[in-house]
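# Understanding the architecture of this molecule
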Amino acid sequence: MARYTEEELKEKVHNGFIVEYPDEMTEGYRKALIVQLMVQADTELVSAPAYFGAAKDAPSTNTMVSATAIIQDELAHANIAYRLLEDLGLDKEQLVYGRQPHEFKHPYGFDHPLENWAELVVANGLYDRAGITLLGDVFKNTSYGPLKRALVKVDQEETFHLRHGEMWMKRLANAGGEAKEQIQRAVDWMFPMAVEWFGLPDDMKRHSGQLDYKLKGMTNDELRQTWMKSTVPLCEGLGIDVPAHWSEDEQKFVLDFAFPCQYDEDEKRWLFGEGQISWEAVFERWKRRGPANKQFIEAIQDGRGFRAQLAAA
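Per chain, the residues get numbers from 1 upward, laid out in the order the sequence is written. pLDDT decides what is reported in this predicted model: residues at 70 or higher carry local features, side-chain atom pairs at 80 or more are listed and counted, and totals for whole chains, interfaces and linings draw on all residues regardless. In computing side-chain values, all of the structure's heavy atoms are included and hydrogens and water are not.

### Regarding the pairing of strand S1 (residues 244-247)
For a regular strand, side chains alternate in direction, first toward one face of the sheet and then toward the other. Pairing geometry for S1 and strand S2 (residues 252-255), over four bridges, is antiparallel. Among the inter-strand pairings, Ala 244 is bridged to a residue of S2, identified as Leu 255. At least two bridges found by DSSP between two strands are what make those strands a pair. Numbering of helices and strands starts at the N terminus; helices are DSSP runs of H or I of at least 4 residues and strands are runs of E of at least 2. Counted along the chain from S1 to the antiparallel partner S2, the turn is four residues long, and its residue Gln 251 has a positive phi close to 55°.

Take a look at the structure:
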């Protein structure tokens, strides 16, 4: 039996109480924490095969080594989150090997193959920045002590991934020609994908257990703004176009397209001209999963095959 009622625990964590043990949790707290950790674990896990396909396009042995190190980091980060889920009574083996591909809870963007080195480094620069934005907020604000301590290592390594992406985005953009065009094409489909990653706008969100239990500190829109605050200037500084700008009147970054909007996953292209769609349509797309979902999960679940691929890289 939990030591506290739901209201007592919510008040305690907002006054600085750190939860350390399952018997200090209410059922609501436990459920909200499981959802958060599941998304974190699945995202880290599925990023590995997504990154691996493009890592084979690395321009040199040294860059292949760097990309492989990033993949190994992501797998280790996934293991940390799954291990925390074990403390809450879940079975790590079942979570990794016992679910169907569509049951994993990672962002839809990671269900798309990355087809070249430019797409890999843009994923590091945009997706890993989204991950740092989310996990940095969790690290600063979470009321769950074991997760806060685990994120010290995770955040340091994710920062390396981000810097790797920024450095290579700059290098390819400065090279001009086809290299810069590849960066632009990657940003064209990944930027809106990452914007969507942060979820429903605040005025549409009906419940927020993670805020109520202080498992995070910022709202979806605040996180989205934090991400754009660094991403838009990065791209603009490289001469890369992004569909967003700073509004002096509103004192925030504003999107230059209807949000959310339709996406053509076969062409990796957002259909800005078709106007806004409903969030129900977005959720339906997420539920269907993306084109490489089955391929990536099967690569993971065929553990020996995936390890052999990494060893041969």
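From this point, the narrative continues.
### Overview of the side chain of Ser 143
The residue Ser 143 is located in the loop between helix H5 (117-141) and helix H6 (145-175) in this model. Ser 143 sits in the buried class, given a relative accessible area of 2%. Pairs of N or O atoms within 3.5 Å make up the polar contacts considered here, provided that, within protein, one atom can donate a hydrogen while the other can accept it, and that residues adjacent in sequence are counted only when both atoms are side-chain atoms. Side-chain polar atoms of Ser 143 contact the side chain of Tyr 29, separated by 2.9 Å. Here the term buried applies to any residue with accessible area under 20% of the maximum for its type, exposed to any over 50%, and partly exposed to those in between, with areas from a 1.4 Å probe on protein chains only.

### Points about the layout of surface pockets
Site definitions follow a grid-based scheme: protein atoms alone, a 1 Å grid, a 1.4 Å probe that fits but cannot get out for cavities, and for pockets an open set with protein on both sides within 12 Å along at least five of seven lines, plus lining residues having an atom within 4 Å of a point. Grid points are joined across faces, edges and corners, and a volume is the space filled by probe spheres set on the points. Considered as a void within the structure, the largest pocket measures approximately 1,700 Å³ in volume. Looking at the largest pocket, it is lined by 50 residues, and the ones nearest its centre are Val 35, Val 39, Lys 105, Trp 197 and Trp 286. Listing elements by their share of the lining of the largest pocket, those giving two or more residues are helix H2 (27-55), H5, helix H7 (177-197), helix H8 (209-212), helix H9 (220-237) and helix H10 (279-288). Per element, the largest residue contribution to the lining of the largest pocket is nine residues, and it comes from H2.

### Things to note about the state of the cysteines
By disulfide we mean two sulfur atoms from cysteines, separated by a distance within 2.5 Å. Overall, the coordinates contain zero disulfides when judged by the stated rule. The cysteine Cys 235 is free of any disulfide, with Cys 261 supplying the nearest cysteine sulfur at 17 Å. The class of Cys 235 is buried, set by a relative accessible area of 0%. You can call Cys 261 buried: its relative accessible area is 1%.

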